Structure formats: C-alpha cells, structure tokens
Amino acid sequence: MLPRWPRRVMLLNLALFIPALFLGGYILWQTTQLFFWLYIVVWVGILTVGRYFVCRTCPYYGQDCPTYGWGHLTRLMFRRDETRGFNVAAGVIEFATTIVATLLPVIAWVIGFSGKVADFGTTEHILVGILLGLVAAGFVVHQGTGCSKCELEECPFSKAAQEKRRRLVRSV
Ligand code: SF4
C-alpha cells in the first residue's frame, strides 16, 4: 500500500505552478500570438489527454499528489483505468511535454532576440526573469517534496524507481 501524500505538499507545488502557468500565458499574449495559442493547445492537451493516459492508471488517481492535484482533476473527467498498471511510456512523454510547455515563453523570448516571431519590451524581459525564477523554484520543490520521496516504483522518476535501479546496478 503506497503512503498518502500530505495535502500541504500538493498545495505548495500548486502555489508555484499556477502563477508560472498564467505568467507564461500572459508573457506570450503580450508578445506572440503564434506561441500563445500553441501554449494554450499544449496545456489543454496536458490537462486532458495527459490525464487520460497517465493519471487514470496511477495509484494516486483521485487523491492528493505532488503534481498539482492532477489526480483529482482526472477523477472529475475520467473513470479510473483498472485494466492496467501505471502507464510508464505516457508518464515519460508527458514529463518531456510538460517541460517544453513550461519553457515555451522562454523559447519565444530567445527566438525574439532574432527580431522574428516575438517582440519583447523591457517589461516582458523582466517578466521572463520572474518566470524563470518561478519555474526553477517549482522544479526544485516538486523534485524535493515529490519525486525524491515517491514510492511509486513504476514511475521512472520516483525515489523507489531510482533505488531499484541502484540495487540492480549493485547486483550486477
Ligand atoms: S502522481 Fe502523477 S500520475 Fe499519479 S495522479 Fe498524481 S499527477 Fe497523476
């Protein structure tokens, strides 16, 4: 039986995720419509299709978890998938997609220096700096309060999976 996550862990991670999500969208809305709508489409995909393939198969479906309460969001949209274990492939694809989606405003900012696609003013440059701080803090807190304490061995990013890999290496 996996341990339950303290609600404060979910709320702390949510408190860093939500401002970064909206600040990223605001920066893109102000600078590049192309990247703004790409940002919207990717995040809608993560919060729907991602939940369908990842959270429906997770033991924390419908429960508090470090990843922003997505287990609860999933229960609002989809039934649990009792036919299989944790969807590792979908979890890895989603981890990469979430990193790219989170950094889309930064990618647009870098491309903006070429004078193409996006037009960043002083305010937007400052906001990108704040976003980078929020994203870095969010990643460190999520790893520190979530993955590095997680007993979900099927998820390749969890503490349990890393311990299993270390045991395998030692046994070789
Ligand atoms: S731990 Fe990850 S996969 Fe499991 S419910 Fe939370 S967000 Fe979904």
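As a reminder, the structure under discussion sits directly above these lines.
So, a few notes on the structure that sits alongside this text. All figures in this text were calculated on a predicted structure; none of them were measured in a lab.

**What about the overall build of the protein?**
For step 1, the next point in the chain: Looking only at helices and strands, the protein has 6 helices and 0 strands in total.
For step 2, the next point in the chain: From first element to last, N terminus to C terminus, the protein shows the α and β order α-α-α-α-α-α.
For step 3, the next point in the chain: Over its C-alpha atoms, taken along the principal directions, the protein stretches across nearly 55 × 40 × 30 Å.
For step 4, the next point in the chain: For the protein, buried positions account for 42% of its 172 residues.
For step 5, the next point in the chain: Counting only carbon and sulfur atoms, one obtains 68% of the accessible surface of the protein, whose full area is about 9800 Å².
For step 6, the next point in the chain: Counting 17 positive and 10 negative side-chain charges, the protein places the centres of these two groups 5 Å from one another.

**Observations regarding the packing of helix 1 (residues 7–31) against helix 2 (residues 33–53)**
For step 1, the next point in the chain: Contact geometry of helix 1 with helix 2 gives a least axis separation of 6 Å together with a crossing angle of 150°. Classed by the angle they form, the pair helix 1 and helix 2 counts as roughly antiparallel. Of the residues in helix 2, those in contact with Phe17, Ala20, Leu21, Gly24, Gly25, Leu28, Trp29 and Thr31 of helix 1 are Gln33, Phe35, Phe36, Trp37, Tyr39 and Trp43.
For step 2, the next point in the chain: Looking at the contact of helix 1 with helix 2 residue by residue, the classes come out as 10 nonpolar, 4 polar and no charged.

**Remarks on the site of the ligand**
For step 1, the next point in the chain: Lining the immediate surroundings of the ligand are Val54, Cys55, Cys58, Tyr60, Cys65, Thr67, Trp70, Gly71 and Phe86.
For step 2, the next point in the chain: Judged by the fraction of its atoms near the pocket grid, the ligand is located in the largest pocket.
For step 3, the next point in the chain: Its residues placed into classes, the shell around the ligand shows 7 nonpolar, 2 polar and no charged.

**Structural notes on helix 4 (residues 88–112)**
For step 1, the next point in the chain: Its 25 residues give helix 4 an end-to-end C-alpha distance of 36 Å, which sits within 8% of 36 Å, the value for a rise of 1.5 Å per residue.
For step 2, the next point in the chain: Along helix 4, the helix axis deviates most sharply at leucine 104, where the bend reaches about 50°; the proline proline 105 sits within four residues downstream.
For step 3, the next point in the chain: Three or more residues of helix 4 are buried, namely Ala90, Gly91, Glu94, Thr98, Ala101, Thr102, Leu104, Pro105, Val106, Ala108 and Gly112.
For step 4, the next point in the chain: In this fold, the buried residues of helix 4 make contact with helix 1, helix 2, helix 3 (70–77) and helix 5 (122–145).

**Details of unusual backbone geometry**
For step 1, the next point in the chain: Not every positive phi belongs to a glycine, and tyrosine 68 is a case in point at roughly 60°.
For step 2, the next point in the chain: Within the secondary structure layout, tyrosine 68 lies in the loop between helix 2 and helix 3.

**Focus on the layout of surface pockets**
For step 1, the next point in the chain: Here the largest pocket is characterised by a volume of approximately 850 Å³.
For step 2, the next point in the chain: No other element matches the 7 residues that helix 4 contributes to the lining of the largest pocket.
For step 3, the next point in the chain: Among the residues forming the lining of the largest pocket, the class breakdown is 27 nonpolar, 11 polar and 2 charged.

**Considering helix 3**
Helical geometry: 3.6 residues make up each α-helical turn, so side chains three or four residues apart lie on a common side.
For step 1, the next point in the chain: Looking only at helix 3, the buried set comprises Trp70, Gly71 and Thr74. Down the axis, helix 3 shows its buried residues gathered within 105° of arc, on one side only. Summarising the geometry of helix 3, the exposed residues directed more than 90 degrees from the buried face are Arg75 and Leu76.
For step 2, the next point in the chain: Residues of helix 3 that are buried in the fold lie against helix 1, helix 2 and helix 4.

**Description of the packing of aromatic side chains**
For step 1, the next point in the chain: Counted by the stated rule, this structure contains 12 aromatic pairs.
For step 2, the next point in the chain: Taken together, a centroid distance of 5.3 Å and an interplanar angle of 65° make the contact between tryptophan 109 and phenylalanine 113 edge-to-face.
For step 3, the next point in the chain: For phenylalanine 113, a relative accessible area of 58% corresponds to the exposed category.
For step 4, the next point in the chain: Grouping aromatic residues by their ring pairs yields a cluster made of Phe17, Tyr39, Trp43, Tyr68 and Trp70.
For step 5, the next point in the chain: Over the aromatic face of tyrosine 52 sits the side chain of arginine 56, whose NZ or CZ is 3.8 Å from the ring centroid.

Cut-offs and rules
- Residues numbered from 1 in each chain as written.
- Predicted model: local features only at pLDDT ≥ 70, side-chain atom pairs only at ≥ 80, totals over all residues.
- Heavy atoms only, no water.
- Helix = DSSP H or I, 4+ residues; strand = E, 2+ residues; numbered from the N terminus.
- Buried < 20%, exposed > 50% of the residue type's maximum accessible area, 1.4 Å probe, protein only.
- Areas by Shrake-Rupley, 256 points an atom, 1.4 Å probe, with all protein chains shown as cover.
- Lys, Arg positive; Asp, Glu negative; His and termini not counted.
- Charge placed at Lys NZ, Arg CZ, Asp CG, Glu CD.
- Axes fitted to C-alpha atoms, helices over the stretch in contact; angles between N-to-C directions.
- Parallel < 35°, antiparallel > 145°, perpendicular 65-115°, else oblique.
- Contact = heavy atoms within 4.5 Å.
- Nonpolar A, V, L, I, M, F, W, Y, C, P; charged D, E, K, R; others polar.
- Near = heavy atom within 4 Å.
- 1 Å grid on protein atoms, 1.4 Å probe; cavity = no way out; pocket = protein on both sides within 12 Å on 5 of 7 lines; lining within 4 Å.
- Sits in = over half its atoms within 2 Å of the grid points.
- Expected span 1.5 Å × (residues − 1).
- Bend = angle between axes of the 7 residues up to and from the residue.
- Points joined across faces, edges and corners; volume = space filled by probe spheres on them.
- Arc of directions from axis to C-beta.
- Phe/Tyr/Trp six-rings, centres within 6.5 Å; stacked < 30°, edge-to-face > 60°.
- Lys NZ or Arg CZ within 6 Å of the ring centre and 35° of its normal.

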